[in-house]
Amino acid sequence: MKATATPAAPQQPSFFASLRHKLPKDTGIFVVMVGIALIFEMFGWYVRDQSFLLNTNRLILIVLQVAIIGIIAVGVTQVIITTGIDLSSGSVIALAAVVAASLAQTSDSLSPMYPSLVNMPAVIPIAAGIGVGLLAGVVNGVLITRTGIPPFIATLGMMVSARGLAQYYTQGNPISFLSDGFTSIGQGAMPVVIFLVVALLFHIALKHTRYGKYVYAIGGNMTSAKVSGINVNKYLIIVYTIAGALSGLAGVVLAARVSSGQSSMGMSYELDAIAAAVIGGSSLMGGVGRITGTLIGAVILGLIKSGFTFVGVDAYIQDIIKGIIIVAAVSIDMRRNRKKR
């Protein structure tokens, strides 16, 4: 008689594999964040003989820094999910900040930019700053979708143009003497509250709305998204408009926080926002990204910056290390995508 081979029993997943699937998706990056905080805590006692984590003023400063970068990073995350990039957010921050500040001046100012428009309600400069960012985002989106210019080039052009406009608008001079109503949105915990509200809003939008479904579909396979009936150009313009508006909001909050508008604001903030998104798990290949991961990524950047300053690492060395972290995060992302394919 011919023997028949018995089928092999299906291999059961290991305990650790099962546990990994049950844990929230951002658990790994959260553990990294905790590990970095503990490393700086140990270095603090070894180098400075004091605690890194138990200093209230330092923690407040970290949170405030994270809030500004985080607001931009929420918009940048959505751009990255669609396989795009936004290099203009730092310059848009500066342009929005100086426009908002110029409309928020009081009659106490020695040389107001608009003498007939002093002491205006705070909502007007806030809306103007956000509007400037929104307009910049629309221009980015239209350039990318209507002309076929790659996002890198389109947003690079906006980065240079917005910075130039901010410098021309102010002639290189800071804008100060801002109203209390305007500066109140940048004081205390308000920047953090604004960031958390923005993060929660777009976390829900990406996870539970048609907008989020289409954004992930465009990033996953743009051709398939077009075939399935999604108006890809429309949603790309929306994504870049949102990113621009959030950069405008970040500029308004930053100007309110420092009670001044300056054309030098937001330098390299776009790189920090991209780094926060990528460290938080967003893939530059598109189709992957979460607001919760970006939030943790922003906190990691804040911890690294504050931690290196705390232990006395030179600012230039910090930039080198930040660059290495960005390259490492992208390399890990590309390796992960190769394994999936």
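Everything here concerns the structure above.
Going along each chain's sequence as written, the residues are numbered from 1 onward. Note on the predicted model: pLDDT of at least 70 is required for a residue's local features to be given, and 80 or more for side-chain atom pairs to be given and counted; whole-chain, interface and lining totals, by contrast, use all residues. Only hydrogens and water are set aside when side-chain values are computed; all heavy atoms of the structure are taken into account.

Peer 1: What am I meant to see in the nonpolar core here?
Peer 2: For soluble globular proteins, nonpolar side chains are generally found buried alongside one another. In terms of nonpolar packing, the biggest core is built from 91 residues, with Ile-71, Val-74, Phe-182, Tyr-211, Leu-246 and Ile-300 touching the most fellow members. Not counting residues up to four positions away in its chain, the partners in contact with Ile-300 are Ile-29, Val-32, Met-33, Ile-36 and Ile-279. By nonpolar core is meant a set of buried Ala, Val, Leu, Ile, Met, Phe, Trp, Tyr and Cys residues that side-chain atoms within 4.5 Å join together. The buried label goes to any residue with under 20% of its type's maximum accessible area, the exposed label to any with over 50%, and the partly exposed label to all in between, with areas taken from a 1.4 Å probe on protein chains only. By definition in these notes, contact holds between two residues if any of their heavy atoms fall within 4.5 Å.

Peer 1: What is the right way to look at helix α12 (residues 269-279) in this model?
Peer 2: Each turn of an α-helix holds 3.6 residues, which means side chains three or four residues apart point in the same direction. With 9 of its 11 residues buried, α12 lies for the most part within the structure. The way it works is that DSSP assigns letters per residue, a run of H or I at least four long becomes a helix, a run of E at least two long becomes a strand, and they are numbered from the N terminus. Burial in α12 covers these residues: Glu-270, Asp-272, Ala-273, Ile-274, Ala-275, Ala-276, Ala-277, Val-278 and Ile-279. Of the residues trailing α12, Gly-281 is marked for its positive phi of about 110°.

Peer 1: I keep staring at unusual backbone geometry and nothing clicks. Help me out?
Peer 2: One non-glycine residue, Thr-83, lies in the positive phi region at around 70°. By relative accessible area, Thr-83 is classed as partly exposed at 34%. The phi angle at Asn-119 is positive, at roughly 55°, despite the residue not being glycine. Tracing the backbone shows Asn-119 in the loop between α4 (89-103) and α5 (123-147).

Peer 1: It is not clear to me how a nonpolar patch on the surface should be interpreted in this structure. Could you clarify?
Peer 2: A cluster of nonpolar side chains, contributed by Ile-39, Met-42, Phe-43, Tyr-46 and Val-47, occupies part of the molecular surface with about 570 Å² of accessible area. Structurally, Ile-39 can be placed in helix α2 (residues 27-48). Here a patch means residues that are over 30% exposed by relative accessible area and free of salt bridges, tied together within 9 Å if like-charged and within 5 Å if nonpolar (Val, Leu, Ile, Met, Phe, Trp, Tyr). Per-residue accessibility takes into account occlusion by the displayed protein chains alone, with areas from the Shrake-Rupley method and a 1.4 Å probe. When a carboxyl oxygen of Asp or Glu is within 4 Å of a side-chain nitrogen of Lys or Arg, the pair counts as a salt bridge.

Peer 1: Please explain the packing of aromatic side chains as it appears in this structure.
Peer 2: Each aromatic ring pair is specified by the distance between its two centres and by the angle formed by the two planes. Working definition: a ring pair exists when centres of Phe, Tyr or Trp rings (six-membered ring for Trp) sit within 6.5 Å. Plane angles under 30 degrees give stacked, over 60 give edge-to-face, the rest tilted. The full count for this structure, using the stated rule, is 4 aromatic pairs. Here Phe-40 and Phe-308 contribute two aromatic rings whose centre-to-centre distance is 5.3 Å and whose plane-to-plane angle is 90°, an arrangement assigned as edge-to-face. With Phe-40 in helix α2 and Phe-308 in helix α13 (residues 291-311), the pair connects residues that are 268 residues apart, well separated along the chain. For Phe-40, a relative accessible area of 7% gives the class buried. Taking relative accessible area as the criterion, Phe-308 reaches 17% and is therefore assigned buried.

Peer 1: Would you take a moment to explain the environment of Ile-72 for this structure?
Peer 2: Position of Ile-72 relative to the elements: it lies in helix α3 (residues 56-81). Aside from chain neighbours lying at most four places away, what touches Ile-72 is Ser-89, Ile-93, Ser-247, Ala-250, Tyr-269 and Ala-273.

Peer 1: What is the right way to read the side chain of Gln-105 from this model?
Peer 2: Inspection of the secondary structure assignment puts Gln-105 in the loop between α4 and α5. Judged by its relative accessible area of 3%, Gln-105 is buried. Within the structure, the side chain of Gln-105 is placed 3.1 Å from the backbone oxygen of Ser-176, a separation counted as a polar contact. Filtering out sequence-adjacent residues up to four positions away, Gln-105 remains in contact with Ser-111, Pro-112, Met-113, Val-118, Asn-119, Ile-175, Ser-176, Phe-177 and Leu-178. In protein, a polar contact means a hydrogen-donor-capable atom and an acceptor-capable atom, both N or O and within 3.5 Å, with residues adjacent in sequence counting only if both atoms are side-chain atoms; elsewhere, any N or O pair within 3.5 Å suffices.

Peer 1: Hey, could you run me through the packing of α3 against helix α8 (residues 190-208) in this one?
Peer 2: Between two packed helices, both the angle of their axes relative to each other and the distance between the axes serve to describe the pair. Here an axis means a line fitted to C-alpha atoms, over the contact stretch when the element is a helix, while the angle between two N-to-C directions is reported on a 0 to 180 degree scale. α8 packs onto α3 with a crossing angle of 20° between their chain directions and a minimal axis gap of 8 Å. One finds that α3 runs roughly parallel with respect to α8. Crossing geometry of α3 relative to α8 is assigned as left-handed. On α8, the residues that touch Val-63, Leu-64, Val-66, Ala-67, Gly-70, Ile-71, Val-74, Gln-78 and Ile-81 of α3 are Pro-191, Val-192, Ile-194, Phe-195, Val-198, Ala-199, Phe-202 and Leu-206. Of the residues belonging to the contact of α3 with α8, the class tally is 15 nonpolar, 2 polar and no charged. Note on terminology: angles under 35 degrees are roughly parallel, angles over 145 are roughly antiparallel, angles of 65 to 115 are roughly perpendicular, and the others are oblique. Two helices that cross are described as forming a left-handed crossing if the nearer one is turned anticlockwise from the farther one by less than a right angle, and a right-handed crossing if clockwise. Polarity classes work like this: nonpolar for Ala, Val, Leu, Ile, Met, Phe, Trp, Tyr, Cys and Pro, charged for Asp, Glu, Lys and Arg, and polar for all others, with Gly in that last group.

Peer 1: What's the story with helix α11 (residues 232-258) in this structure? I'm lost.
Peer 2: Under the 1.5 Å per step criterion, the end-to-end length of α11 is 39 Å for 27 residues, consistent within 8% with the ideal 39 Å. Burial of α11 is extensive: 22 of the 27 residues sit out of reach of the surface. Looking one or two residues past α11, Ser-259 carries a phi angle of roughly 55°, positive in sign. Here a helix's expected span is defined as the number of its residues, less one, multiplied by 1.5 Å.

Peer 1: Would you mind going over the packing of α8 against α11 with me for this structure?
Peer 2: The contact between α8 and α11 brings their axes to 11 Å, and the two run at 170°. Considered as vectors, α8 and α11 are oriented roughly antiparallel to each other. Residues Pro-191, Ile-194, Val-198 and Phe-202 of α8 lie in contact with α11, whose contacting residues are Ile-242, Leu-246, Leu-249 and Val-253. Along the lines of polarity and charge, the residues of the contact of α8 with α11 split into 8 nonpolar, no polar and no charged.

In short, geometric facts, not functional conclusions.
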